Each structure stands twice: as structure tokens, then as C-alpha cells.
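Coordinate analysis (summary)
If you want the building blocks of each chain, they are given just below.
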Amino acid sequence: MIQSLFILSPTGEVLIERHFRSTVTSRTVCDHFWTKASEGLNHHGGVSTATTAILGSNPFMLYDSVEPVMEVPDIGNDGDDANGGKTIYLFSILRDGLSYLAACPPCIGNQNNPSGGGGLGISPLMITEFLHKIADTFVIYFGDPADESAVKDNFSTAYQLLEEMVDYGWPLTTEPNALTDLIRPPTVMAKIQQAMTGGSSNILSEALPNGTVSNMPWRKAGVTHPNNEIYIDIVEEIDAIISPSGGVISSDVSGSIQAQSNLSGVPDLILTFNDATLIDDSSFHPCVRYARFEKDKVISFVPPDGPFELMRYRLRLDNGEGHNKPVGSMPIQVIPRISYGKFGSSEKGKSGMAGRISLSVTARSISSLIYSSSRKGPLVIEDVSVVIPFPKFVRTANLNATVGRIIYDEAGKIAKWEIGKLDEKTRPQLNGTMVLEDGSEEKLSSSSISEGEQPPLLVTWKILLSSVSGLNISGLSVTGEHYKPYKGVRNITKSGTFQVRC
């Protein structure tokens, strides 16, 4: 169970603090977390707004020193060890620059267990998944990204959402359709009314949602649409570590099925795959009849209304040794060249040391991807960007690119090169120089740059109508209603945690 929940800003400030049981967790647990999190920052004093905007949904470079579950001392609010040396488990995730923390007490029966095993009494994955569900709900209500300003602008709504989503420390209502019936999403008119009257806007509904007493809480009753349609995206993400020369060191592929349902009534859908044996380690939305999938390898479900994630999975790419084989050839290649030394005059810095950086990005039509038959024309990679974190001994950098734009955060010592669309004919280049901090000459001359001091590059990209596995939907039938809806299906391959070593 969750005893307390905290939401921290990018600088460690407590934005929201909510206690669900009689015991109040001290804010000292946030201090323990932020002390550990600060070890992974490129600078002291927190994360700047520019750094948060640059990293977006990929904050691993900042908080890579934080374990997802930490055991911290449970200290009373008065600063004394009021709980007799007991500890509390602290779960954490980072989304849109905000740190979501859940404090869970140990299981009473295992608190003094000398073996030290199994002291939580609750599934850790359930708490972590619930924190992500809170962040997803904030995105639905406040827009993307649900960052610090969004939470501050909708403070009362955020508190009301936590009140409905958690009951005495246990997750209760998490379906967006039920929540939007209970708590009205903020609108511009409601904010104007609140500013003019000086009172709080009426965000709470006086009636229970229609699905509260039904066996389908994820779907409203009496849904009607003028045009009945459903869109399904099969999204596969590639997590990879790439060597400086472009070789694949390690890779893994995970996928999800994202759906947008605009169907009237209560339709019953059956979705079939061309090769269901490719799916492994799958998890489903509560609307899916899991027993049917286990038996027939088809997905039978009554969909929620609006956007939702139908399932997540990993690919079964067995290489004969029980491990997933890496993706042999990537569709994009990034070659970094970074060097440090004395280049020309010493005006680059007082120490006379400087740095040079050069990046080249190319698209490769020959790769391990499988393209849809409906795809026409040459290869086009969309939403291409490269995040460049600089070492701590770099004072500033001067960067220039032939294509796209560069966003540089002086405080966070991190840059983002936004390229946009990339094809085989376009060959973007980035060149620049770095000014080093005083005293870096001795350090650079005595030893080479270690892997931790030269962080890897983070590359993001997306290719439509392509997949790694070739998994596709062979059929989607609708029963229970008399209309024939429009069905749209497409494959998308995108980068997950795509790192390029320097």
C-alpha cells in the first residue's frame, strides 16, 4: 500500500504532497531521494527548465544514479527517529521533468525479519505502474507535456485526481473514462470564471460515472459517434547501444499496440495477427479477455472510448541460446568525433585546452527493418534529433549545424540538435568547439576521458510503415453492432533508449 505520495519539480521542490493513511511521512524521504538524484546531474542546484525541455521523455541521463526502489530511514516530522530505526520503501519515476515518489511502509510481519528478504508485502511493479498511470492521467487532463507549469496551473485538479485514484493507500479508479466523469477536465472558460469570481471552479461531478456499477468500468454507457471508426498503431521501439564506429553493441525490441476508438454502443472486437508466435512477455489492457488470448492467440475485447493502449509486448527473436538477438543493422547512423587538446592559441580558455566535436548523421535504406507493402518512395526518417550531453569540465560550447537547429542549455551543459526529416540524400553535419574549465589541462594530460565523464549521445527517430518483427494485423472484426466501422492500421518503428557512445 502507498502511505504517501510526493511530486517534485525539476529543482527538487515539493509540488504536491498527499498522505493516504493516518501516518504522515516526513519530507526527509524527498531529501534522501534528491541527494541521490543530484549525483547524476551535470550541474549542482537541480535541473534547469531548458534541460527538462531538451530531454523530454528521455531523462535517463540525469537520474541514472537513482534506483527505482530505495530503502530510506523513516524519520518523524520533528526530525527525531520516531519510528525506532525503521525504514520505508521509496518508489520513483521521472516523467516530463517531474519526480513522482511513492512511500510504502514495510510489511508488518516482515519488518524485523533477520533474513532481510521480502519486507514490502506488495508488488513493486504495481506501485511503479501506478505512478506511470498518474503521470499518464496528468497528460490526458493537462496536455503534453504535464510539466511543472501544468501542475501548478491545475493544482486543485491534480489533488482531486489523486483523491479519486487512491483509496486508503490502494489504487482505485485509474480508467480515464471514469475519471473524466468524476472530475471535469480543466477548460479555458472554467479558468476565466475562476479568475473573475475568485472562487474555485466546479470541477467535481455530482453524479457517479455510468460505468461505475457495471462490469466494464473502462467504457461509458450510451456512447454515440457520427462516424464510427477505429485506428490501430503497432509501435515497436528499439533500445540499442551503438559504438562510435556505428556497430551495434546491444539491442532489444519492445512493442505496443496503441488504439483510438470512436465506436458507438458496446462493440465487441476480435483482433488477429499474421504470426502471434512473435509476441512474448505480453501485458494487456483490462478490457482484453486474457483466457481467449491464451487459448486461441487472438485478442477479444470491448474497447474503451477514445485513445488507449491495448497491449505491450516484447519480440521473441530467439537466436538458439534463449536470448534476444540484436538488430543487425540500424536505419540511421550517427558517427561522433570528439577530441580534447591544444588547438591554436590559448584564448579558448585560460588553461590553453579546448575541445572539438563533429557529428555526421546518415539514413541507411539497407537495414533490418521490414517495410509495409503500402509504403512508396524512398526512405524518410522523421522526428530525428540528437541530444549531446557535455562532460562536467566543459565550460561552454559553440555549435553549428548544416541542417536543423541547435538548442543549448548553458546551465545544464546539454545540447539538442533537431534535424527533423532525414532521407538518404540529406547528410547533416554538426561541428563545434568547446571551452574547458580551468585546471582541466592536468586532468586531460594525465589520463584519458572515462566512459562516465563522456556521456553517450541520445538519438531519437521514427519511421512510418515499418517494423522490426514483421508483426501485422490480419483481421479486425466487430460484432454486437450493426454498423461497419472504418478501420485504419499502420506500423511504426521508433527509437527507445538509443545511445551512441563517443
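Predicted model only: the values in this text are computed from it and were never measured. (Residues numbered from 1 in each chain as written. Predicted model: local features only at pLDDT ≥ 70, side-chain atom pairs only at ≥ 80, totals over all residues. Heavy atoms only, no water.)

Of the regular secondary structure elements, the protein chain holds 9 helices and 25 strands. The buried share of the protein chain, taken over its 502 residues, is 46%. Within the protein chain, residue pairs in contact and separated by at least 24 positions form 72% of the contacts whose partners lie at least 6 positions apart. When the accessible surface of the protein chain is split by element, carbon and sulfur atoms take 50% of a total near 24100 Å². (Helix = DSSP H or I, 4+ residues; strand = E, 2+ residues; numbered from the N terminus. Buried < 20%, exposed > 50% of the residue type's maximum accessible area, 1.4 Å probe, protein only. Contact = heavy atoms within 4.5 Å. Areas by Shrake-Rupley, 256 points an atom, 1.4 Å probe, with all protein chains shown as cover.)

Our next topic: the packing of helix H3 (residues 124-142) against helix H5 (residues 155-165). At a minimum axis distance of 11 Å, the contact between H3 and H5 shows a crossing angle of 135 degrees. Considering their axes alone, H3 and H5 lie oblique with respect to each other. The two elements H3 and H5 meet at a crossing, and its hand is right-handed. Facing H3, whose interface residues are Phe130, Lys133, Ile134, Thr137, Phe138, Tyr141 and Phe142, H5 presents Thr157, Ala158, Leu161, Leu162 and Met165. Classifying every residue of the contact of H3 with H5 by side-chain character gives 9 nonpolar, 2 polar and 1 charged. (Axes fitted to C-alpha atoms, helices over the stretch in contact; angles between N-to-C directions. Parallel < 35°, antiparallel > 145°, perpendicular 65-115°, else oblique. Left-handed = near helix turned anticlockwise from the far one by under 90°. Nonpolar A, V, L, I, M, F, W, Y, C, P; charged D, E, K, R; others polar.)

This part covers the environment of serine 245. Mapped onto the secondary structure, serine 245 falls in the loop between strand E8 (229-242) and strand E9 (248-262). The class for serine 245 is exposed, based on a relative accessible area of 60%. Serine 245 sits 89 residues away from valine 334 along the chain, and the two C-alpha atoms are 8.4 Å apart. If we skip the residues at most four places from it in the chain, serine 245 touches Gln333 and Ile335.

What follows concerns the pattern of salt bridges. What the rule picks out here adds up to 16 salt bridges. Aspartate 233 is paired through a salt bridge with arginine 490; the nearest N and O atoms lie 2.9 Å apart. On the criterion of sequence distance, the pair formed by aspartate 233 in strand E8 and arginine 490 in strand E25 (residues 486-500) is long-range, its members being 257 residues apart. Judged by its relative accessible area of 18%, aspartate 233 is buried. Using a relative accessible area of 37% as the deciding quantity, one classes arginine 490 as partly exposed. Because the salt bridges share partners, they merge into one network encompassing Glu13, Glu148 and Lys152. (Salt bridge = Lys/Arg side-chain N within 4 Å of Asp/Glu carboxyl O.)

With that settled, consider the sheet that holds strand E24 (residues 473-479). Strands belonging to one sheet form pairs held by backbone hydrogen bonds; the direction of such a pair is parallel or antiparallel. With respect to topology, 3 strands assemble into an open sheet ordered E12-E10-E24, the strand pairing being antiparallel. Because the sheet does not close on itself, it has two edges, and the strands there are strand E12 (299-301) and E24. When the angles between neighbouring strand axes are averaged without regard to direction, this sheet yields 10 degrees. Here strand E10 (residues 268-273) runs beside E24; their pairing, made up of 6 bridges, is antiparallel. (Pairing = 2+ DSSP bridges.)

Attention now moves to H3. With 19 residues, H3 extends 27 Å from end C-alpha to end C-alpha; this agrees with the ideal 27 Å at 1.5 Å per step. Turning to H3, its buried residues are Ile127, Phe130, Leu131, Ile134, Ala135, Thr137, Phe138, Tyr141 and Phe142. End-on, the buried residues of H3 take up no more than an arc of 155 degrees, which puts them together on one face. Seen from the open side of H3, the exposed residues pointing more than 90 degrees away from its buried face are Leu125, Glu129 and Ile140. Backbone geometry just downstream of H3 places glycine 143 in the positive-phi region, at approximately 95 degrees. (Expected span 1.5 Å × (residues − 1). Arc of directions from axis to C-beta.)

Tracing the sequence through the fold places isoleucine 134 in helix H3. Relative accessible area serves as the criterion here: at 0%, isoleucine 134 is assigned to the buried category. Placed 28 residues apart in sequence, isoleucine 134 and leucine 162 show a C-alpha to C-alpha distance of 7.9 Å.

For the protein chain, the average pLDDT comes to 83, and 78% of its residues sit at 70 or higher. Overall, residues 109-118 carries pLDDT values under 50, and its contacts beyond four positions in sequence, including any with other chains, amount to 5 contacts. Note on residues 345-351: pLDDT is under 50 here. Beyond four places in sequence and across chains, it has 12 contacts. (pLDDT = per-residue confidence, 0-100.)

To describe a pair of aromatic rings, you give the distance between the ring centres and the angle between the ring planes. Counting across every chain of the model gives 11 aromatic pairs. The structure contains a cluster of three or more aromatic residues connected by ring pairs, namely Tyr100, Phe138, Tyr141 and Phe142. In this arrangement the basic side chain of arginine 375 is found over the ring face of tyrosine 371, its NZ or CZ atom lying 4.2 Å from the centre. (Phe/Tyr/Trp six-rings, centres within 6.5 Å; stacked < 30°, edge-to-face > 60°. Lys NZ or Arg CZ within 6 Å of the ring centre and 35° of its normal.)

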